[in-house]
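One-letter residues, chain by chain:
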Amino acid sequence: MDSRIYILTHKRLTGQLSSTENSELARLSLIPEYKSLSDEIAYLWNISNNYFPTKDWKKDAAKDAFYEKIRAPKAVAMPAPEPVAQVVTHTSSFNWKYIAGAAAALLLLTWGIFKFAIGDKPQITAQDKIEYANLDDGSKVWLDQGATLTIIEESESSRKVALEGEAFFDVSHDPQRPFIIDLGNDIYAQVLGTSFKARSTHEGDNGKISVRDGSVRLYSSKHEGYDITLIAGEEGELNPELEVSLKNYSINIDGLMAGKLEIVFKDEPIEDVFDKLGLHYGVEFVSDEDLSLTCPFNRYMHSGTSLDEMLNAVASVYPNITLTKSDRSTILVEGHCREVE
Amino acid sequence: MADILLYCVIYVPWRLMKEKFNDEEILELLNSNDERAIELLFDRFFDYLCAVVYRVIHDYEAARDVVQDIFLDLWKKRESINVSIALRPYLRRAAVNRGLNYIKRKRIIPNDDEDAAVDIVSQVPSGQAYMEKDELETRIYQVIEGLPPKCKLIFGMSRFESMSYQEIATALDISIKTVENQISKALKILRSEVQLFMV
């Protein structure tokens, strides 16, 4: 049975668990011995991801060999220039190269000093709709309305950003450069390559992480021990008072996910669905009276699904709800819930 | 004297500037036949890519050759190359694909087993501070290095390249059952070899 736990846990960690296997693992995990074994495997699996062989790769020798390879054929093919021409060419080449180099160096130095003096850091703010950002390292971020992302550091050894508000991250895998999110109040999330939703601690919120794939470490830099590692399907909160809570996270992502790969509405009150579609498509759903449309709506959509397709989907389930586009950014909602029989 | 002046005016600023070039600028240099692009690419990515390839093929010299070939290819296609994502993930993908091709081409899927494994038990450090996370990490890395070759290969493909059982089975032309067995074996070795650290 032990071997089965190893495989099921590994499949869970790598997102390859079928629903039957998921039930099997849940059943086995009721036995404390297996639960503890599974947790131990998960812990080791997560730590092993930092493994990165550090050796002397003899870069300079490789570089020299490379230049030899690219230059050798040229040297054979080129006819020998006449002595006079050679002198002229050499002098001209020398001047051009160094003058251009010096000019470029000066320009870049000036630019560097300018940047340093200003001390600005790239910042992305989502004003009134979800904002998508593609970071230099290949990571993707969907910022919720009102959220701000500041790029603090993007170096060879680290990637660091600060978040205010909520955002969904899809971080590119790079074990050498951990991706760290400053959530405020000395609370940080550290990831290697995964997708998850993060909420900062600003404005009284707790630092919160909901993990979709991979694993994320949520910790406080000031208080040792306040440190939780979350895996796919888990949600953890660390508030400024350093109280930790952990629960299972339903993958039915809310409006923040809109615009990512998919959006899943599961038993979502239809009025909430309208709010989220409004955010996603930049439109407003309005009604002349309080309709209290709390009937549930279930639908899966891709990022490419059009607004019309979604409106038709609503109409097909609830024909008594009328949705009329009154102008490009407003949709008038009328009627009541009564599902089609 | 002139040499010192040139060193100060050209070389030092150039060394400083190297850190500042972004991916787009490096590609522009490459597109315009400027060898500085290769210099920058080597400095920035060579060690990283070698380590990435090594984690897949576990052969020091071959990893260096594979990465050199990537740079040669970049240089050959320098005028037409068009990269739409950041360079690091782009090169990483190229490195992993070439590493996997190398395995296929050379048919180097190793036959296990136990004899080929490094004697990892003898590498257990002495002392009592087994609970330190850094030491645990170091120990885990030693164990990974010492896994039997086939086990290490399959474990690495799953752990570091996020390849599914099916993808690994296809890449190595083995059954999914074999992949499962090897993953399970790797995890068991890992667990048993770090027990002391898990106090």
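Attention here is on the structure that accompanies the text. What you are looking at is a predicted structure, and each value in this text was computed from that prediction instead of being measured.

Right, let's talk about the overall build of chain B for a bit. Across its full length, chain B holds nine helices and zero strands. Sequence-ordered secondary structure for chain B, helices as α and strands as β, is α-α-α-α-α-α-α-α-α. Counting across all 199 residues of chain B, residues that qualify as buried make up 49%. A total of about 9800 Å² of accessible surface is found on chain B, and carbon and sulfur atoms cover 50% of it.

With that settled, consider the interface of chain A and chain B. Contacts between the two partners involve 53 residues from chain A and, on the opposite side, 57 residues from chain B. At the boundary of chain A with chain B, total buried surface from both sides reaches about 5400 Å², with 65% on carbon and sulfur atoms. Contact with chain B buries area across many residues of chain A, yet Tyr51, Trp57 and Phe66 of chain A alone supply 16% of it, more than any other trio. Counting across the chain A and chain B interface gives five salt bridges.

Residue and element names in this part refer to chain B. Its location among the elements puts Arg78 in the loop between α4 (60-76) and α5 (87-106). There is no salt bridge for the buried Arg78, and the closest opposite charge comes from Glu79, which lies 4.7 Å off by N-O distance. At a separation of 2.4 Å, a polar atom in the side chain of Arg78 contacts the side chain of Asn33. Not counting residues within four places of it along the chain, the set of residues in contact with Arg78 comprises Leu30, Asn31 and Asn33.

Take helix α1 (residues 2-13) of chain A next. Residue and element names in this part refer to chain A. Look at α1: 17 Å from first C-alpha to last across twelve residues, which is about the 16 Å you get at 1.5 Å a residue. Along α1, the residues that are buried comprise Ile5, Tyr6, Ile7, Leu8, Thr9, His10, Lys11 and Leu13. Downstream of α1 by one or two residues, Gly15 has phi in the positive range, about 70°.

Our next topic: the nonpolar core. Ranked by size, the top nonpolar core spans 85 residues in total, and within it Phe66 of chain A together with Leu41, Phe71 and Ile140 of chain B carry the most contacts. The element that contributes the greatest number of residues to this core is helix α3 (residues 36-57) of chain B, accounting for 16 residues. Counting 26 residues, the second-largest nonpolar core is a separate cluster that includes Val141, Ala147, Ile209 and Ile228 of chain A.

Mapping Glu24 of chain A onto the fold places it in helix α2 (residues 19-28). A distance of 2.9 Å separates the side chain of Glu24 of chain A from the side chain of Arg4 of chain A, its partner in a polar contact.

For the rest of this paragraph, the subject is the environment of Lys276 of chain A. Mapped onto the elements, Lys276 of chain A comes out in helix α6 (residues 270-281). Between the C-alpha atoms of Lys276 of chain A and Phe265 of chain A, which are eleven residues apart in sequence, the distance is 9.9 Å.

Attention now moves to the pattern of salt bridges. Counted by the stated rule, this structure contains 18 salt bridges over all chains. We note a salt bridge from Arg4 of chain A to Glu21 of chain A, for which the minimum N-O separation is 3.9 Å. With Arg4 of chain A in helix α1 and Glu21 of chain A in helix α2, the pair connects residues that are 17 residues apart, well separated along the chain. On the accessibility criterion, Arg4 of chain A (27% relative accessible area) is partly exposed. Residue class for Glu21 of chain A comes out buried when judged on its relative accessible area of 13%. Glu180 of chain B is paired through a salt bridge with Lys177 of chain B; the nearest N and O atoms lie 3.5 Å apart. Taken together, the positions of Glu180 of chain B and Lys177 of chain B, both in helix α9 (residues 176-193) and three residues apart, correspond to about one turn of that helix. On the basis of relative accessible area, Glu180 of chain B is assigned to the buried category, the value being 12%. The class for Lys177 of chain B is exposed, based on a relative accessible area of 54%.

Residue and element names in this part refer to chain A. On the surface, Glu271, Asp275, Asp288, Glu289, Asp290 and Glu334 cluster together to form a negatively charged patch. Note that Glu271 resides in helix α6. With a relative accessible area of 33%, Glu271 lands in the partly exposed category.

Okay, α3 of chain B next. Residues and elements named next belong to chain B. Relative to the 32 Å expected for 22 residues at 1.5 Å per residue, α3 spans 30 Å between its end C-alpha atoms, a close match to the ideal helical length. The largest bend in α3 amounts to roughly 50° and is located at Phe45. For α3, a buried count of 19 out of 22 residues is recorded, marking the element as mostly surrounded by other parts of the structure.

Turning next to the packing of aromatic side chains. The final tally for this structure, using the stated rule, is eleven aromatic pairs over all chains. Ring geometry for Phe46 of chain B versus Phe71 of chain B: centroids 6.3 Å apart, planes at 35°, classification tilted. One end of the pair, Phe46 of chain B, is in helix α3; the other, Phe71 of chain B, is in helix α4, and 25 residues separate them in sequence. The burial state of Phe46 of chain B is the same as that of Phe71 of chain B; both residues are buried. With a centroid separation of 6.3 Å and an interplanar angle of 85°, the aromatic rings of Phe155 of chain B and Phe160 of chain B are classed as edge-to-face. Taken together through their ring pairs, the aromatic side chains of Phe66 and Tyr67 of chain A together with Phe42, Phe46 and Phe71 of chain B make up a single cluster. In this structure, Arg78 of chain B packs its charged tip against the face of Trp75 of chain B, placed 4.1 Å from the ring centre. The aromatic ring of Tyr48 of chain B is capped on one face by Arg88 of chain B, whose charged end is 4.2 Å from the ring centroid.

What counts and what doesn't
Residues numbered from 1 in each chain as written. Chains lettered and ligands numbered in written order. Predicted model: local features only at pLDDT ≥ 70, side-chain atom pairs only at ≥ 80, totals over all residues. Heavy atoms only, no water. Helix = DSSP H or I, 4+ residues; strand = E, 2+ residues; numbered from the N terminus. Buried < 20%, exposed > 50% of the residue type's maximum accessible area, 1.4 Å probe, protein only. Areas by Shrake-Rupley, 256 points an atom, 1.4 Å probe, with all protein chains shown as cover. Contact = heavy atoms within 4.5 Å. Buried area = accessible area lost by both parts, 1.4 Å probe. Salt bridge = Lys/Arg side-chain N within 4 Å of Asp/Glu carboxyl O. Lys, Arg positive; Asp, Glu negative; His and termini not counted. Polar contact = N/O pair within 3.5 Å; in protein donor to acceptor, adjacent residues only side chain to side chain. Expected span 1.5 Å × (residues − 1). Core = buried A, V, L, I, M, F, W, Y, C linked by side-chain atoms within 4.5 Å. Patch = residues over 30% accessible without salt bridge, like charges linked within 9 Å, V, L, I, M, F, W, Y side chains within 5 Å. Charge placed at Lys NZ, Arg CZ, Asp CG, Glu CD. Bend = angle between axes of the 7 residues up to and from the residue. Phe/Tyr/Trp six-rings, centres within 6.5 Å; stacked < 30°, edge-to-face > 60°. Lys NZ or Arg CZ within 6 Å of the ring centre and 35° of its normal.

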